[in-house]
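The lines below spell out each chain.
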Amino acid sequence: MLKTLAGYEALAEQAHSHLCAGQILGLRMALYGVKLLGLEDPAGADRKRLVAFIEIDRCATDAIPIVTGCRLGKRALKFRDFGKVAATFGDLKENRAVRLVARDSSKQRARELYPEIENKNQQQMRTYRKLPDEELFDAQWVRVSVGPEDLPGYKSAPVHCAQCGEGINFKREVVRDGRVLCRACAGERYYEAL
Ligand SMILES: [Zn+2]
Ligand SMILES: [Zn+2]
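Anyway, here's the lowdown on the structure attached to this text. Bear in mind that the values here come from a model prediction, so they are computed numbers and not experimental data.

**Quick look at the overall build of the protein chain**
Right, so step 1: Helices and strands together make up the secondary structure of the protein chain, namely seven helices and nine strands.
Right, so step 2: The dimensions of the protein chain, computed from C-alpha atoms along their principal axes, are 65 × 40 × 30 Å.
Right, so step 3: In the protein chain, which comprises 194 residues, the share counted as buried stands at 43%.
Right, so step 4: Put simply, of all contacts in the protein chain between residues at least 6 apart along the chain, 61% involve residues at least 24 apart.
Right, so step 5: As displayed, the protein chain offers around 11,400 Å² of accessible surface, 49% of which is attributable to carbon and sulfur atoms.

In C-alpha coordinates:
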(Lines give C-alpha, C1' and ligand atoms only; values in the text may rest on other atoms or scores of the structure.)
(Ligands and ions follow the chains in the order given, each with its own letter.)
Protein backbone atom coordinates (compact mmCIF):
# COMPACT_ATOMS: atom_id res chain seq x y z
CA MET A 1 0.00 0.00 0.00
CA LEU A 2 1.10 3.57 -0.54
CA LYS A 3 2.57 5.38 2.43
CA THR A 4 2.31 9.03 3.33
CA LEU A 5 4.91 11.41 1.92
CA ALA A 6 6.43 11.65 5.40
CA GLY A 7 6.70 7.86 5.51
CA TYR A 8 8.54 7.81 2.19
CA GLU A 9 10.76 10.69 3.29
CA ALA A 10 12.02 8.61 6.20
CA LEU A 11 12.89 5.73 3.86
CA ALA A 12 14.50 8.07 1.32
CA GLU A 13 16.63 9.71 3.99
CA GLN A 14 18.00 6.29 4.98
CA ALA A 15 18.63 5.13 1.43
CA HIS A 16 20.18 8.38 0.19
CA SER A 17 21.99 9.27 3.46
CA HIS A 18 20.34 12.68 3.66
CA LEU A 19 17.00 14.26 3.01
CA CYS A 20 17.11 17.00 0.38
CA ALA A 21 14.83 18.86 -1.97
CA GLY A 22 15.73 16.48 -4.78
CA GLN A 23 14.55 13.51 -2.74
CA ILE A 24 11.20 15.10 -2.08
CA LEU A 25 10.82 16.06 -5.73
CA GLY A 26 11.64 12.50 -6.76
CA LEU A 27 9.18 11.04 -4.26
CA ARG A 28 6.46 13.39 -5.45
CA MET A 29 7.26 12.52 -9.06
CA ALA A 30 7.01 8.78 -8.43
CA LEU A 31 3.82 9.20 -6.39
CA TYR A 32 2.24 11.27 -9.16
CA GLY A 33 3.32 8.69 -11.75
CA VAL A 34 1.75 5.76 -9.93
CA LYS A 35 -1.34 7.82 -9.19
CA LEU A 36 -1.85 8.63 -12.88
CA LEU A 37 -1.38 4.95 -13.70
CA GLY A 38 -3.89 4.04 -11.00
CA LEU A 39 -1.52 1.73 -9.12
CA GLU A 40 -2.19 1.49 -5.41
CA ASP A 41 0.53 -0.90 -4.35
CA PRO A 42 3.46 -0.29 -6.71
CA ALA A 43 6.14 -1.86 -4.51
CA GLY A 44 3.90 -4.78 -3.46
CA ALA A 45 1.02 -6.37 -5.36
CA ASP A 46 1.61 -4.26 -8.49
CA ARG A 47 5.40 -4.57 -8.50
CA LYS A 48 5.62 -6.71 -11.62
CA ARG A 49 3.59 -4.23 -13.65
CA LEU A 50 5.73 -1.15 -13.26
CA VAL A 51 8.80 0.02 -15.16
CA ALA A 52 10.41 3.43 -14.63
CA PHE A 53 12.66 5.28 -17.07
CA ILE A 54 14.66 8.01 -15.37
CA GLU A 55 16.39 10.73 -17.38
CA ILE A 56 18.92 12.06 -14.87
CA ASP A 57 21.32 10.72 -12.27
CA ARG A 58 20.80 13.11 -9.41
CA CYS A 59 19.23 13.16 -5.94
CA ALA A 60 15.71 12.74 -7.30
CA THR A 61 16.75 9.52 -9.02
CA ASP A 62 17.38 7.76 -5.72
CA ALA A 63 13.85 8.52 -4.59
CA ILE A 64 12.15 6.76 -7.51
CA PRO A 65 12.76 3.17 -6.28
CA ILE A 66 11.56 4.10 -2.77
CA VAL A 67 8.01 4.57 -4.01
CA THR A 68 7.94 2.35 -7.09
CA GLY A 69 10.10 -0.57 -6.01
CA CYS A 70 11.71 -0.30 -9.48
CA ARG A 71 15.40 -1.07 -9.19
CA LEU A 72 18.22 -1.27 -11.68
CA GLY A 73 19.12 -4.78 -10.56
CA LYS A 74 15.56 -5.93 -11.07
CA ARG A 75 15.58 -4.54 -14.61
CA ALA A 76 12.58 -2.38 -13.76
CA LEU A 77 14.54 0.88 -13.55
CA LYS A 78 15.98 2.17 -16.81
CA PHE A 79 18.47 5.02 -17.00
CA ARG A 80 18.35 7.19 -20.11
CA ASP A 81 21.01 9.86 -19.65
CA PHE A 82 19.22 12.89 -21.11
CA GLY A 83 20.14 15.25 -18.28
CA LYS A 84 16.52 16.13 -17.59
CA VAL A 85 14.63 15.99 -14.32
CA ALA A 86 12.08 13.73 -15.96
CA ALA A 87 10.87 10.16 -15.72
CA THR A 88 8.44 7.88 -17.50
CA PHE A 89 6.37 5.39 -15.56
CA GLY A 90 4.97 2.48 -17.52
CA ASP A 91 2.29 -0.03 -16.57
CA LEU A 92 3.08 -3.26 -18.42
CA LYS A 93 -0.32 -4.76 -17.68
CA GLU A 94 -2.38 -1.91 -19.13
CA ASN A 95 0.32 -1.13 -21.70
CA ARG A 96 0.39 2.57 -21.04
CA ALA A 97 2.94 5.06 -19.80
CA VAL A 98 3.11 8.60 -18.55
CA ARG A 99 6.13 10.90 -18.73
CA LEU A 100 6.60 13.56 -16.06
CA VAL A 101 8.92 16.54 -16.28
CA ALA A 102 9.71 18.71 -13.28
CA ARG A 103 8.68 22.27 -14.06
CA ASP A 104 11.40 24.91 -13.81
CA SER A 105 8.85 27.29 -12.32
CA SER A 106 8.74 25.48 -8.97
CA LYS A 107 12.06 27.03 -7.89
CA GLN A 108 10.58 30.47 -8.51
CA ARG A 109 7.44 29.40 -6.62
CA ALA A 110 9.67 28.40 -3.69
CA ARG A 111 11.12 31.92 -3.57
CA GLU A 112 7.64 33.43 -3.70
CA LEU A 113 6.12 31.12 -1.10
CA TYR A 114 8.89 31.20 1.49
CA PRO A 115 10.95 34.39 1.02
CA GLU A 116 11.77 34.30 4.73
CA ILE A 117 13.67 31.00 4.41
CA GLU A 118 17.22 31.75 3.28
CA ASN A 119 18.38 28.19 2.83
CA LYS A 120 17.46 27.24 -0.75
CA ASN A 121 17.27 23.53 0.03
CA GLN A 122 14.88 24.15 2.95
CA GLN A 123 12.85 26.57 0.85
CA GLN A 124 12.50 24.03 -1.94
CA MET A 125 11.80 21.12 0.42
CA ARG A 126 8.82 22.97 1.85
CA THR A 127 7.61 23.93 -1.59
CA TYR A 128 7.92 20.43 -3.03
CA ARG A 129 5.89 19.07 -0.14
CA LYS A 130 3.17 21.64 -0.60
CA LEU A 131 2.57 22.33 -4.29
CA PRO A 132 -0.07 20.29 -6.13
CA ASP A 133 1.18 17.70 -8.64
CA GLU A 134 0.14 19.82 -11.62
CA GLU A 135 2.28 22.73 -10.46
CA LEU A 136 5.33 20.57 -9.89
CA PHE A 137 5.19 18.49 -13.07
CA ASP A 138 4.09 18.49 -16.66
CA ALA A 139 2.53 15.14 -17.53
CA GLN A 140 2.16 13.56 -20.93
CA TRP A 141 0.85 10.11 -21.89
CA VAL A 142 3.40 8.41 -24.11
CA ARG A 143 4.10 5.10 -25.77
CA VAL A 144 7.31 3.31 -24.84
CA SER A 145 8.36 0.29 -26.81
CA VAL A 146 9.95 -2.20 -24.45
CA GLY A 147 11.06 -5.49 -25.95
CA PRO A 148 10.94 -8.73 -23.95
CA GLU A 149 14.76 -8.57 -23.70
CA ASP A 150 14.38 -5.35 -21.68
CA LEU A 151 11.98 -6.78 -19.14
CA PRO A 152 12.48 -8.63 -15.87
CA GLY A 153 12.48 -12.38 -16.28
CA TYR A 154 13.95 -12.49 -19.81
CA LYS A 155 16.22 -15.46 -20.24
CA SER A 156 18.64 -16.31 -23.03
CA ALA A 157 22.07 -17.80 -23.23
CA PRO A 158 24.77 -15.14 -23.57
CA VAL A 159 26.48 -14.78 -26.92
CA HIS A 160 30.18 -14.01 -27.12
CA CYS A 161 31.81 -11.07 -28.81
CA ALA A 162 33.84 -12.10 -31.85
CA GLN A 163 36.53 -9.58 -30.93
CA CYS A 164 36.99 -9.52 -27.13
CA GLY A 165 35.30 -12.83 -26.32
CA GLU A 166 33.26 -11.44 -23.44
CA GLY A 167 29.74 -12.72 -22.87
CA ILE A 168 26.82 -10.45 -23.80
CA ASN A 169 23.34 -10.83 -22.30
CA PHE A 170 19.90 -9.53 -23.21
CA LYS A 171 20.52 -9.13 -26.96
CA ARG A 172 22.94 -6.24 -26.46
CA GLU A 173 25.22 -7.55 -29.20
CA VAL A 174 25.50 -5.78 -32.55
CA VAL A 175 26.35 -7.21 -35.92
CA ARG A 176 29.05 -5.38 -37.95
CA ASP A 177 30.13 -6.75 -41.32
CA GLY A 178 28.69 -10.11 -40.40
CA ARG A 179 30.50 -10.30 -37.02
CA VAL A 180 28.74 -10.41 -33.68
CA LEU A 181 30.31 -7.73 -31.49
CA CYS A 182 29.74 -6.27 -28.05
CA ARG A 183 28.88 -2.59 -27.95
CA ALA A 184 32.37 -1.74 -26.70
CA CYS A 185 34.08 -3.40 -29.66
CA ALA A 186 31.50 -1.90 -32.00
CA GLY A 187 32.71 1.60 -31.05
CA GLU A 188 30.75 2.54 -27.94
CA ARG A 189 33.61 1.83 -25.54
CA TYR A 190 33.64 4.28 -22.61
CA TYR A 191 37.05 3.13 -21.32
CA GLU A 192 40.51 2.66 -22.72
CA ALA A 193 42.74 -0.23 -21.79
CA LEU A 194 45.98 0.87 -20.08
ZN1 LIG B 1 20.35 14.64 -2.14
ZN1 LIG C 1 33.82 -7.12 -27.51
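**Side note on the coordination of the zinc ion (ligand 1)**
Right, so step 1: For the zinc ion (ligand 1), every protein donor is listed as His16 (NE2), His18 (NE2), Cys20 (SG) and Cys59 (SG), and the spread of their distances is 2.2 to 2.3 Å.
Right, so step 2: Around the zinc ion (ligand 1) sit four donor atoms; with metal-centred angles ranging over 90 to 143°, the donor geometry is irregular.
Right, so step 3: Along the chain, the residues donating to the zinc ion (ligand 1) fall in the pattern H-x1-H-x1-C-x38-C. We note that histidine 16, like cysteine 20, is buried.

**Digging into the packing of helix α1 (residues 5-16) against helix α3 (residues 59-68)**
Right, so step 1: Between α1 and α3, the least distance of the axes is 9 Å, while the angle of their chain directions is 125°. Taken together, α1 and α3 sit at an angle that is classed as oblique. Regarding α1 and α3, the two cross each other, and that crossing is right-handed. Together, Tyr8, Leu11, Ala12, Ala15 and His16 of α1 and Cys59, Asp62, Ile66 and Val67 of α3 make up the contact between the two elements.
Right, so step 2: Considered class by class, the residues forming the contact of α1 with α3 number seven nonpolar, one polar and one charged.

**A few points about the packing of aromatic side chains**
Right, so step 1: Considering all chains together, one arrives at three aromatic pairs under this definition.
Right, so step 2: Note on tyrosine 190 and tyrosine 191: the rings are 4.9 Å apart at their centroids and 80° apart in plane angle, and the pair reads as edge-to-face.
Right, so step 3: On the basis of relative accessible area, tyrosine 191 is assigned to the partly exposed category, the value being 36%.
Right, so step 4: Residue placement shows arginine 75 over the ring face of phenylalanine 170; its charged tip is 3.4 Å from the ring centre.

**What about the layout of surface pockets?**
Right, so step 1: Computed from the structure, the largest pocket encloses a volume of approximately 580 Å³.
Right, so step 2: In terms of lining residues, the largest pocket is bounded by 20 residues, among which Arg80, Asn169, Phe170, Arg172 and Arg183 are the most central.
Right, so step 3: Elements represented by at least two residues in the lining of the largest pocket include exactly β2 (77-79), β7 (167-168) and α7 (184-188).
Right, so step 4: Per-element tally for the lining of the largest pocket: the top contributor is β2, with three residues.
Right, so step 5: Looking at side-chain class alone, the lining of the largest pocket contains nine nonpolar, two polar and nine charged residues.
Right, so step 6: The computed volume of the second largest pocket comes to approximately 280 Å³.
Right, so step 7: Lining the second largest pocket are 16 residues; nearest its centre among them are Leu25, Arg58, Val85, Lys107 and Tyr128.

**Some thoughts on the sheet that holds strand β3 (residues 86-91)**
Across a sheet, strands are paired by hydrogen bonds formed along the backbone, either parallel or antiparallel in direction.
Right, so step 1: Spatially, five strands are ordered β2-β1-β3-β4-β5 in an open sheet, and the strand pairing comes out mixed. Two strands bound the open sheet, and with one partner strand each, they are β2 and β5 (137-142). When strand polarity is set aside, the average angle formed by the axes of neighbouring strands in this sheet is 20°.

**Remarks on the side chain of arginine 99**
Right, so step 1: In this fold, arginine 99 is placed in strand β4 (residues 96-102).
Right, so step 2: In this structure the side chain of arginine 99 is engaged in a polar contact, spanning 2.8 Å, whose partner is the side chain of glutamate 55.
Right, so step 3: Each residue touching arginine 99, except ones within four places of it in the same chain, is listed here: Glu55, Lys84, Ala86, Ala87, Thr88, Asp138, Ala139, Gln140 and Val142.

**As for the pattern of salt bridges**
Right, so step 1: Tallied over the full model, the rule gives eleven salt bridges.
Right, so step 2: As a salt-bridge pair, aspartate 133 and arginine 28 come within 3.0 Å of each other at their nearest N and O atoms. One end of the pair, aspartate 133, is in helix α6 (residues 133-136); the other, arginine 28, is in helix α2 (residues 21-37), with 105 residues separating them in the sequence. Arginine 28 carries the same exposure label as aspartate 133, and that label is buried.
Right, so step 3: A salt bridge links glutamate 188 to arginine 183, with the shortest nitrogen-to-oxygen separation between them at 2.8 Å.
Right, so step 4: Ionic contacts of the salt-bridge type, sharing partners, join the residues Arg28, Lys35 and Asp133 into one network.

Reading the values: the criteria
- Residues numbered from 1 in each chain as written.
- Chains lettered and ligands numbered in written order.
- Predicted model: local features only at pLDDT ≥ 70, side-chain atom pairs only at ≥ 80, totals over all residues.
- Heavy atoms only, no water.
- Helix = DSSP H or I, 4+ residues; strand = E, 2+ residues; numbered from the N terminus.
- Buried < 20%, exposed > 50% of the residue type's maximum accessible area, 1.4 Å probe, protein only.
- Contact = heavy atoms within 4.5 Å.
- Areas by Shrake-Rupley, 256 points an atom, 1.4 Å probe, with all protein chains shown as cover.
- Donors = N, O, S within 2.8 Å, 3.2 Å for Na, K, Ca; no water.
- Tetrahedral: all angles 85-135°; square planar, octahedral: opposite > 155°, others 65-115°.
- Axes fitted to C-alpha atoms, helices over the stretch in contact; angles between N-to-C directions.
- Parallel < 35°, antiparallel > 145°, perpendicular 65-115°, else oblique.
- Left-handed = near helix turned anticlockwise from the far one by under 90°.
- Nonpolar A, V, L, I, M, F, W, Y, C, P; charged D, E, K, R; others polar.
- Phe/Tyr/Trp six-rings, centres within 6.5 Å; stacked < 30°, edge-to-face > 60°.
- Lys NZ or Arg CZ within 6 Å of the ring centre and 35° of its normal.
- 1 Å grid on protein atoms, 1.4 Å probe; cavity = no way out; pocket = protein on both sides within 12 Å on 5 of 7 lines; lining within 4 Å.
- Points joined across faces, edges and corners; volume = space filled by probe spheres on them.
- Pairing = 2+ DSSP bridges.
- Polar contact = N/O pair within 3.5 Å; in protein donor to acceptor, adjacent residues only side chain to side chain.
- Salt bridge = Lys/Arg side-chain N within 4 Å of Asp/Glu carboxyl O.

By themselves, these are just geometric observations and shouldn't be taken as functional.
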